Amino acid sequence: MTATFDPKANMVFCRKYKQELPKMPKPPFPNPKGEELQNTVSKKAWDEWLELQTMLINENHLSVIDPEAKKFLSEQREKFLDNEDYERPSGYTPESDSK
């Protein structure tokens, strides 16, 4: 039996953009939360989050091994992906807001 290519298999209904977009090639974390994110967040939204996360880490001088910093970043990630009010680095304008 030959395998058929299903273009929908690489798509996900993105919770941030509320539309079908290409999904992340693999879960961002090796746990159920990572799988949930892969199934509900597009690669585009995740890439934007990673960019924002880097700015938050740098601007706030966060240590990613500090439990409080991890909690803060996790909260900001969820707010960002759910289109809620999240902390922005000074001068930051997300790509989606600048259009």
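Above this text is the structure in question.
Keep in mind that this is a model prediction, so the values were computed, not measured. (Residues numbered from 1 in each chain as written. Predicted model: local features only at pLDDT ≥ 70, side-chain atom pairs only at ≥ 80, totals over all residues. Heavy atoms only, no water.)

A. Just the environment of E59, in detail. Within the secondary structure, E59 is located in helix α2 (residues 43-59). Classification of E59 as partly exposed rests on a relative accessible area of 38%. Sequence separation between E59 and S90 is 31 residues; the distance between their C-alpha atoms is 8.4 Å. Dropping the residues within four chain positions of it, E59 is found in contact with P89 and S90. (Helix = DSSP H or I, 4+ residues; strand = E, 2+ residues; numbered from the N terminus. Buried < 20%, exposed > 50% of the residue type's maximum accessible area, 1.4 Å probe, protein only. Contact = heavy atoms within 4.5 Å.)

B. Representation of the layout of surface pockets within the structure. Counted as a void, the largest pocket has a volume near 220 Å³. Of all the secondary-structure elements, those providing two or more residues to the lining of the largest pocket are α2 and α3 (67-81). Sort the elements by how many residues they give to the lining of the largest pocket and α2 lands first, with five residues. Residues of the lining of the largest pocket, tallied by class, amount to eight nonpolar, two polar and two charged. (1 Å grid on protein atoms, 1.4 Å probe; cavity = no way out; pocket = protein on both sides within 12 Å on 5 of 7 lines; lining within 4 Å. Points joined across faces, edges and corners; volume = space filled by probe spheres on them. Nonpolar A, V, L, I, M, F, W, Y, C, P; charged D, E, K, R; others polar.)

C. Layout of the nonpolar core. With 17 residues, the main nonpolar core has V41, W46 and L81 as its most contacted residues. Breaking this core down by element, the ones donating at least two residues are α2 and α3. Take this core: its biggest share by element is six residues, from α2. In this view, W46 contacts M24, P28, F29, L37, V41, R77 and L81; residues no more than four positions away in its chain are not counted. (Core = buried A, V, L, I, M, F, W, Y, C linked by side-chain atoms within 4.5 Å.)

D. Looking closely at the packing of α2 against α3. Contact pair α2 / α3: the axes reach a minimum separation of 11 Å and the direction vectors enclose 140 degrees. Considered as vectors, α2 and α3 are oriented oblique to each other. When you trace α2 past α3, the crossing you get is right-handed. Seen from α2, the contacting residues are A45, W46, E48, W49, L52, Q53, L56 and I57; seen from α3, they are L73, Q76, R77, F80 and L81. Across the contact of α2 with α3, the residue classes break down as nine nonpolar, two polar and two charged. (Axes fitted to C-alpha atoms, helices over the stretch in contact; angles between N-to-C directions. Parallel < 35°, antiparallel > 145°, perpendicular 65-115°, else oblique. Left-handed = near helix turned anticlockwise from the far one by under 90°.)

E. Structural context of α2. The end-to-end C-alpha distance of α2 is 24 Å, a good match for the 24 Å that 17 residues give at a rise of 1.5 Å each. Burial in α2 covers these residues: A45, W46, E48, W49, L52, L56 and I57. Where the residues of α2 are buried, they touch β1 (11-14), α1 (32-40) and α3. (Expected span 1.5 Å × (residues − 1).)

F. Structural context of α1. Taken as a whole, α1 has its buried residues at G34, L37 and Q38. Along α1, the residues classed as buried sweep out an arc of 100 degrees about the axis, all on the same side. (Arc of directions from axis to C-beta.)

G. Fine view of the pairing of β1. Side-chain alternation along β1 places V12 and C14 on a buried face and M11 and F13 on a face that remains uncovered. Strand direction decides the pairing type here: β1 and strand β2 (residues 19-22), joined by four bridges, are antiparallel. Within β2, the residue paired with F13 across the bridge is E20. Here β1 hands over to β2 after four residues, with K18 in that stretch at a positive phi of 55 degrees. (Pairing = 2+ DSSP bridges.)

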